[in-house]
Amino acid sequence: MTDLAPVVPPSPATDAAPCPDHPLLERIETRATEIGGGLMIRRALPNRRRRTVGAWCFLDHAGPLDYPPGAGLRVGPHPHIGLQTFTWMIEGDVVHRDSLGNEQLITPGQVNLMTAGRGISHSEDSAPGPGGRLHAAQLWIALPEAHRHGPPAFRNYPRLPLIERGGFAVRVLAGSALSESSPVEVYSPLMAADLSAVGAARLEMPLIAAFEHAALVLGGTATVEGESLSPGTLLYLGTRRERLAVACERAARVLIVGGAPFGEEVLLWWNFVARRVEEMEEATRAWNSGERFGEVRGSPSPRLLAPDVSGLRLRGSRPR
Ligand code: MN
């Protein structure tokens, strides 16, 4: 997926809050954003209050929705730097193609992890067919300084640990939860877990107290630390929590993400994660002139051009 309209000013911004050294309950509304082909999603990260949760720096929730033939996800070739894209497919089938030559169908229950490093390009299109259904979360993980200029890579993870606990089916997407570890290869301490229930469920999930965490309901209604949540609200939880109380009365799905406070100033613009405006300008110039990012073959969707980067210098130089 892609950031078609980078409306959030790049960090550092005057209104983003520092990571607290204690638990918090902060309700943050997601924003409706188009990601291509007219598909509207809910963007939970970044937001004006919280830029990152650990190294998680971007969180889109797409669907659930039914689409007619020819519609669905249509995100043509576009570049990334400095991040990993992490796609969690709940319903539907999406074809990933990238400039390394990978073509991968991602199906429900799988994670696709693309490490951009110094540069990669890819496309994401709903599988051909008579329409379909789409429900997915796409997250970005900011790569730490030591890894952000590394080689690009792509991997599909068809199987992830699944634990039944308290009426929830807990899928460990990244890092560890309930003593199980995800095989997904990441470069900083972080976690993600998908909790789904088909009826009433209740769970106290142990957390790593040094992490900051957030919860996003992806379906139904659930209560997290006493806060009732539906899709469209991110609950930021702060740090120093030993456990998290999650409950629901009927079918629901909750995504929990967390990680060690990232500690590096991250600049996000369009599909790029970097540190300096000059890096954005260079990546934009290179992509728009067909350099550096290779070529994606086979996507039915048109190549996306980077928007005008000239306003970034002014916005990015805002005082903190
Ligand atoms: Mn992308």
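Rules used throughout
Residues numbered from 1 in each chain as written. Predicted model: local features only at pLDDT ≥ 70, side-chain atom pairs only at ≥ 80, totals over all residues. Heavy atoms only, no water. Helix = DSSP H or I, 4+ residues; strand = E, 2+ residues; numbered from the N terminus. Rg over C-alpha atoms; globule rule 2.2 N^0.38 Å. Buried < 20%, exposed > 50% of the residue type's maximum accessible area, 1.4 Å probe, protein only. Contact = heavy atoms within 4.5 Å. Areas by Shrake-Rupley, 256 points an atom, 1.4 Å probe, with all protein chains shown as cover. Lys, Arg positive; Asp, Glu negative; His and termini not counted. Charge placed at Lys NZ, Arg CZ, Asp CG, Glu CD. Pairing = 2+ DSSP bridges. Axes fitted to C-alpha atoms, helices over the stretch in contact; angles between N-to-C directions. Expected span 1.5 Å × (residues − 1). Polar contact = N/O pair within 3.5 Å; in protein donor to acceptor, adjacent residues only side chain to side chain. pLDDT = per-residue confidence, 0-100. Phe/Tyr/Trp six-rings, centres within 6.5 Å; stacked < 30°, edge-to-face > 60°. Core = buried A, V, L, I, M, F, W, Y, C linked by side-chain atoms within 4.5 Å.

Enquirer: I tried to follow the overall build of the protein on my own but got confused; where do I start?
Expert: What the protein contains, in helices and strands, is 2 helices and 26 strands. For the protein, the C-alpha radius of gyration of 19 Å lies close to 20 Å, the compact-globule estimate for 320 residues. Its C-alpha atoms put the protein at 55 × 50 × 30 Å along the principal axes. Taking all 320 residues of the protein together, the buried fraction comes to 57%. Of the contacts made within the protein by residues no fewer than 6 positions apart, 74% connect residues no fewer than 24 positions apart. As presented, the protein carries roughly 12,600 Å² of accessible surface, and 52% of it is formed by carbon and sulfur atoms. Each charge sign in the protein was given a centre, from 33 positive and 34 negative side chains, and these centres are 1 Å apart.

Enquirer: I'm lost on the sheet that holds strand β7 (residues 94–98) in this one. Help?
Expert: Hydrogen bonds along the backbone pair up the strands of a sheet, which may run parallel or antiparallel. The strand order across the open sheet formed by 4 strands is β5-β10-β7-β8, and the pairing between neighbours is antiparallel. With one partner strand each, in any of the chains shown, β5 (74–80) and β8 (103–106) form the two edges of the open sheet. This sheet shows a mean twist of 20° between the axes of neighbouring strands, independent of strand direction. Alignment of β5 against strand β10 (residues 120–126), held across 5 bridges, turns out to be antiparallel. Of the residues in β10, the one forming a bridge with P79 is S121.

Enquirer: Quick question: what am I supposed to make of the sheet that holds strand β24 (residues 252–259) here?
Expert: The strand order β1-β22-β19-β24-β17-β14-β13 describes an open sheet built from 7 strands, whose pairing is antiparallel. At either margin of the open sheet sits one strand with a lone partner, and together these are β1 (23–29) and β13 (162–165). The sheet shows a mean angle of 20° between the axes of neighbouring strands, taken without regard to direction. Inspection of the sheet shows β13 paired to strand β14 (residues 168–174) by 4 bridges, in the antiparallel sense. Each residue of the ladder has a partner; that of I163, found in β14, is V170.

Enquirer: Quick question: what am I supposed to make of helix α1 (residues 277–288) here?
Expert: Think of an α-helix as turning once every 3.6 residues; residues three or four places apart then point the same way. Taking 1.5 Å of rise per residue, the 12 residues of α1 would be expected to cover 16 Å, and the 17 Å separating its terminal C-alpha atoms lies within 8% of that figure. Along α1, the positions that sit buried rather than exposed are V277, E279, M280, A283, T284, A286 and W287. Within two residues after α1, G290 carries a phi angle of roughly 80°, on the positive side.

Enquirer: Just to check I follow, could you spell out the side chain of T115 for this structure?
Expert: Considering the arrangement of structural elements, one finds T115 in strand β9 (residues 111–115). Here the side chain of T115 touches Q84 through a polar contact of 3.0 Å, side chain to side chain. If near-sequence neighbours (up to four positions away) are discounted, T115 is found in contact with L83, Q84, I120, L143, P151, P152, A153 and Y187.

Enquirer: Help me understand the confidence of the model for the protein in this model?
Expert: A residue-level look at the protein finds 93% of positions with pLDDT of 70 or above and a mean pLDDT of 93. A low-confidence stretch, residues 5–14 stays under pLDDT 50, and its non-local contacts, those more than four residues away or across chains, total 32 contacts. Note that residues 316–320 has pLDDT below 50 and, in this model, 9 contacts with residues that lie over four places away or in other chains.

Enquirer: Can you help me understand the packing of aromatic side chains in this one?
Expert: Each aromatic ring pair is described using two quantities: the centre-to-centre distance and the angle formed by the ring planes. Overall, the coordinates contain 6 aromatic pairs when judged by the stated rule. For the ring pair W56 and F86, a centre distance of 5.3 Å and an interplane angle of 85° mean the geometry is edge-to-face. Highlighted residues: W56 in strand β4 (residues 56–67) and F86 in strand β6 (residues 83–91), separated in sequence by 30 residues. By the burial criterion, W56 is buried, and F86 matches it. A centroid spacing of 6.4 Å and a plane angle of 35° characterise the contact between W269 and F272, whose relative ring orientation is tilted. Summarising the burial analysis for this pair, W269 and F272 share the class buried. Connected via pairs of aromatic rings, a cluster forms that spans W269, W270, F272, W287 and F293.

Enquirer: So what exactly am I meant to see when it comes to the pairing of strand β17 (residues 190–197) here?
Expert: On a regular strand, one side chain projects to one face of the sheet and the next to the other, so that they alternate. Taking burial as the measure, the 8 residues of β17 include 8 buried ones, the bulk of the element. Pairing of β14 with β17, which is carried by 5 bridges, proceeds in the antiparallel orientation. For R171, the partnering residue across the bridge sits in β17 and is D194. Judged from the 8 bridges that link them, β17 and β24 form a sheet pairing that is antiparallel. Opposite D194, over in β24, you have L255 as the bridge partner.

Enquirer: Looking at this model, I keep getting lost on the pairing of strand β11 (residues 132–142). Mind explaining?
Expert: Across the 11 residues of β11, 9 count as buried, placing the element largely inside the fold. Where β4 lies against β11, 9 bridges are found, and the strand directions are antiparallel. Paired with L65 across the strands is L134, a residue of β11. As paired strands, β6 and β11 are joined by 8 bridges and run antiparallel to one another. What sits directly across from L83, in β11, is A142.

Enquirer: Please clarify how the nonpolar core should be interpreted in this entry.
Expert: Side chains that are nonpolar tend, in soluble globular proteins, to be buried together. Formed by 42 residues in total, the largest nonpolar core has its most connected members in W56, L59 and F86. In terms of residue count, the dominant contributor to this core is β11 (5 residues). Setting aside chain neighbours within four positions, we find F86 in contact with W56, V111, N112, L113, A137, Q138, L139, I141, L173, A174 and V184.

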